[in-house]
Amino acid sequence: MDKVRKPIVAGNWKMNKTVAEAIDLANGIKRDLAGCKEVDVVLCPPFTSLKAVSEVITGTHIDLGAQNMHWEKAGAFTGEVSAEMLRELYCHYVILGHSERRSYFGETDEIVNKKTKAAITANLTPIVCVGETLDEREGGRTEAVIEEQVRGSLKGLSARELVECVIAYEPVWAIGTGKTATSQQAQDVHKFIRGILEDMADESVARTVRIQYGGSMKPANAEELLSMPDIDGGLIGGAALEARSFVDIVKAAM
Ligand code: 13P
């Protein structure tokens, strides 16, 4: 696939896999993708498996990511981990503002914004998630919701910092439901996000930032979604829990 931007496919394992299972899955993925240079491949296991997965993928082209972090460097924040702690475990990416964090754990754009800034300062690439609910889509509010989330989550970032970010468009109604946005629905929102980036910074930033699609992406629909001009990869949930399907999605991005 001839893309302007290097595709990036990340597996968000969510709260799945024990350490032993995580090692197995990472080994299965490594078997096929250790030398993959055409696509940035990122594995995001739960905190408890970061170290073990890091050891499996060391020396390969596969990168490690976390699913969340706190914005402070250290302190009395029971249950939280900092960007520095993630760097110490060789994380290069961190997923921020996933819709599950927003809806179950009360994360607002302001919180996501603080985390995004802290991640960049610590040299972690944030994967900043945005997406509308079914109600919002049916009420014709998709663009307004996406615009508020993108501007709020990326507020105050310089052009140089914006290009350090990856954005993931994940329509909430497509997550874990088996319902995928059509490639045209996804493309329209991705293009809209690029327009916001151009307005926030400039055309070069808009052209550079990679925007992933997430929401029931699987081998059967990956190629069509990834063939759209503004879709630069995927953030995969369910289909990332099995080596075969994750590898097939990565191959569709090549
Ligand atoms: P599913 O691929 O299971 O729909 O999950 C998508 C997602 O939330 C990735 O972050």
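Here the structure is shown first, and the text comes after it.
The rules we used
- Residues numbered from 1 in each chain as written.
- Predicted model: local features only at pLDDT ≥ 70, side-chain atom pairs only at ≥ 80, totals over all residues.
- Heavy atoms only, no water.
- Near = heavy atom within 4 Å.
- Polar contact = N/O pair within 3.5 Å; in protein donor to acceptor, adjacent residues only side chain to side chain.
- Nonpolar A, V, L, I, M, F, W, Y, C, P; charged D, E, K, R; others polar.
- Buried < 20%, exposed > 50% of the residue type's maximum accessible area, 1.4 Å probe, protein only.
- Helix = DSSP H or I, 4+ residues; strand = E, 2+ residues; numbered from the N terminus.
- Pairing = 2+ DSSP bridges.
- Right-handed = clockwise from strand over helix to strand, strands pointing away.
- Salt bridge = Lys/Arg side-chain N within 4 Å of Asp/Glu carboxyl O.

Some details on the site of the ligand
Next, step 1: Lining the immediate surroundings of the ligand are 13 residues, of which Lys14, His98, Gly176, Ser216 and Gly238 lie closest.
Next, step 2: The separation between an oxygen atom of the ligand and a polar side-chain atom of Asn12 is 3.0 Å.
Next, step 3: In this structure, an oxygen atom belonging to the ligand sits 2.9 Å away from a side-chain N or O atom of Glu170.
Next, step 4: For the shell around the ligand, the class distribution of residues is four nonpolar, seven polar and two charged.

So, the pairing of strand S2 (residues 40-44)
Next, step 1: Within S2, five of the five residues are buried, which leaves it mostly tucked inside the rest of the structure.
Next, step 2: Neither face of S2 is open: one carries Asp40, Val42 and Cys44, the other Val41 and Leu43, and all of them are buried.
Next, step 3: Note: strand S1 (residues 8-12) against S2, five bridges, orientation parallel. Residue pairing in the sheet places Asn12 in a bridge with Cys44 of S2.
Next, step 4: On the question of chirality, the crossover connecting S1 to the parallel S2 by way of helix H1 (residues 19-33) is right-handed.
Next, step 5: As defined by bridge partners, S2 adjoins strand S3 (residues 63-66) across two bridges and the pair is classed as parallel. The residue bridging Leu43 from the neighbouring strand is Leu64, located in S3.
Next, step 6: Handedness of the β-α-β unit built from S2, helix H2 (residues 50-57) and S3 comes out right-handed.

Comments concerning the pattern of salt bridges
Next, step 1: By the definition in use, this model includes 18 salt bridges.
Next, step 2: For the salt bridge of Asp232 with Arg194, the shortest nitrogen-to-oxygen distance reads 2.7 Å. Of this pair, Asp232 sits in the loop between helix H11 (219-226) and strand S8 (233-236) while Arg194 sits in helix H9 (residues 183-200), and the two are 38 residues apart along the sequence.
Next, step 3: One salt bridge in this structure joins Asp248 and Arg244, with 3.2 Å as the shortest N-O distance. With Asp248 and Arg244 both in helix H12 (residues 243-252) and four residues apart, the pair spans about one turn of that helix.
Next, step 4: Because the salt bridges share partners, they merge into one network encompassing Arg5, Arg194, Asp230 and Asp232.

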